[in-house]
Amino acid sequence: MEQKKILKFLKQVMANNNRPWFQAHKGDYEAARAAFEQGISQALERIVTFDPEIANLTVKDCTYRFYRDTRFSPDKSPYKNHFGAYINAKGKKALRGGYYIHLEPGHSLVAVGNYWLPTNILTSCRNEIMANTDEWLKCVESPEFIKYYATPDEAASKDNSWEENWDQQQGFGLTKLKTCPAGFPKDWAHVKYLRLKDYCCWHHVADDFFEGDDWLDEIERMFLAAKPMMDFMNAVIDDYE
């Protein structure tokens with residue numbers, strides 16, 4: 001992926017986030033977008049080798065509009081300062097977990113899992129963790145998972161803000177309850193996993209991470225490390241979709 005070209009354009013957008021400038025540099029946008037989409041095409045080809053469920057997806061199925069929806073935001077900047085792709089077998093709006101690739105100057109990352117689950121599904125996921133604890137711990141406390149991500153305790157910021165959590169180098173669980181969820185035992189040995197309000201893990205990468213082709217091997221290792229956790233949760237979530 002031509003990450004340098006993409007990030008150079010995004011830095012220019014951050015300094016000139018207005019329609020006149022963007023229209024004058026539409027060609028630069030199209031070149032950056034094409035470079036990103038070519039990289040996502042490569043990612044799809046790699047991911048399908050270990051997750052055949054995504055075989056039906058195209059790049060268009062996974063990428064987002066570059067134009068911001070400013071209707072309900074105090075920030076009226078018309079354009080995003082990043083490119084993102086969410087690779088999910090059931091689509092970008094599905095509840096089930098998927099793979100996310102995010103390019104932004106100084107804040108590029110990869111992520112796996114889901115977030116903002118409805119309460120009834122969260123309850124089912126928590127029940128599944130308690131019913132199959134050994135299997136769950138193999139997913140989230142394996143050496144491979146811990147290498148790239150973190151435990152909920154390590155990932156949580158003091159104010160429980162998902163924005164601050166997301167900005168950490170690596171983590172597991174964007175938001176969590178301050179106490180044990182109602183109806184679950186407060187003294188359970190692994191209660192930290194029940195307090196999570198999402199089951200998403202992420203790892204920030206350097207601004208040159210996606211340059212060239214070696215990144216494909218590394219994201220494969222990252223995604224494979226988190227796939228057991230995602231599969232565990234998707235087996236529950238799929239019953240609702």
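To be clear, the structure that these remarks concern was listed above.
Residues numbered from 1 in each chain as written. Predicted model: local features only at pLDDT ≥ 70, side-chain atom pairs only at ≥ 80, totals over all residues. Heavy atoms only, no water.

(A) Molecular detail of the layout of surface pockets. Looking at the second largest pocket, its volume works out to about 180 Å³. What lines the second largest pocket is a set of 13 residues, and nearest its centre among them are Tyr29, Arg33, Tyr64, Arg65 and Phe66. Mapped by element, the contributors of at least two residues to the lining of the second largest pocket are helix H3 (26-47) and strand E1 (83-87). It is H3 that provides the largest number of residues to the lining of the second largest pocket, a total of 4 residues. Across the lining of the second largest pocket, the residue classes break down as 6 nonpolar, 3 polar and 4 charged. (1 Å grid on protein atoms, 1.4 Å probe; cavity = no way out; pocket = protein on both sides within 12 Å on 5 of 7 lines; lining within 4 Å. Points joined across faces, edges and corners; volume = space filled by probe spheres on them. Helix = DSSP H or I, 4+ residues; strand = E, 2+ residues; numbered from the N terminus. Nonpolar A, V, L, I, M, F, W, Y, C, P; charged D, E, K, R; others polar.)

(B) Quick peek at the packing of helix H1 (residues 3-15) against H3. Contact geometry of H1 with H3 gives a least axis separation of 9 Å together with a crossing angle of 140°. The angle between H1 and H3 falls in the class oblique. The crossing of H1 and H3 is left-handed. Note on element contacts: H3 touches H1 through Asp28, Tyr29, Ala31, Ala32, Ala35 and Phe36, opposite Lys5, Ile6 and Phe9. The residue makeup of the contact of H1 with H3, split by class, is 7 nonpolar, no polar and 2 charged. (Axes fitted to C-alpha atoms, helices over the stretch in contact; angles between N-to-C directions. Parallel < 35°, antiparallel > 145°, perpendicular 65-115°, else oblique. Left-handed = near helix turned anticlockwise from the far one by under 90°. Contact = heavy atoms within 4.5 Å.)

(C) Layout of the pairing of strand E5 (residues 199-204). Across the 6 residues of E5, 6 count as buried, placing the element largely inside the fold. Of the two faces of E5, the one lined by Tyr199, Cys201 and His203 and the one lined by Cys200, Trp202 and His204 are each fully buried. Alignment of strand E3 (residues 109-114) against E5, held across 6 bridges, turns out to be antiparallel. For asparagine 114, the partnering residue across the bridge sits in E5 and is tyrosine 199. The sheet contact formed by strand E4 (residues 170-172) and E5 spans 3 bridges and is antiparallel. Each bridged residue has a counterpart across the sheet, and for glycine 171 the counterpart in E5 is tryptophan 202. (Buried < 20%, exposed > 50% of the residue type's maximum accessible area, 1.4 Å probe, protein only. Pairing = 2+ DSSP bridges.)

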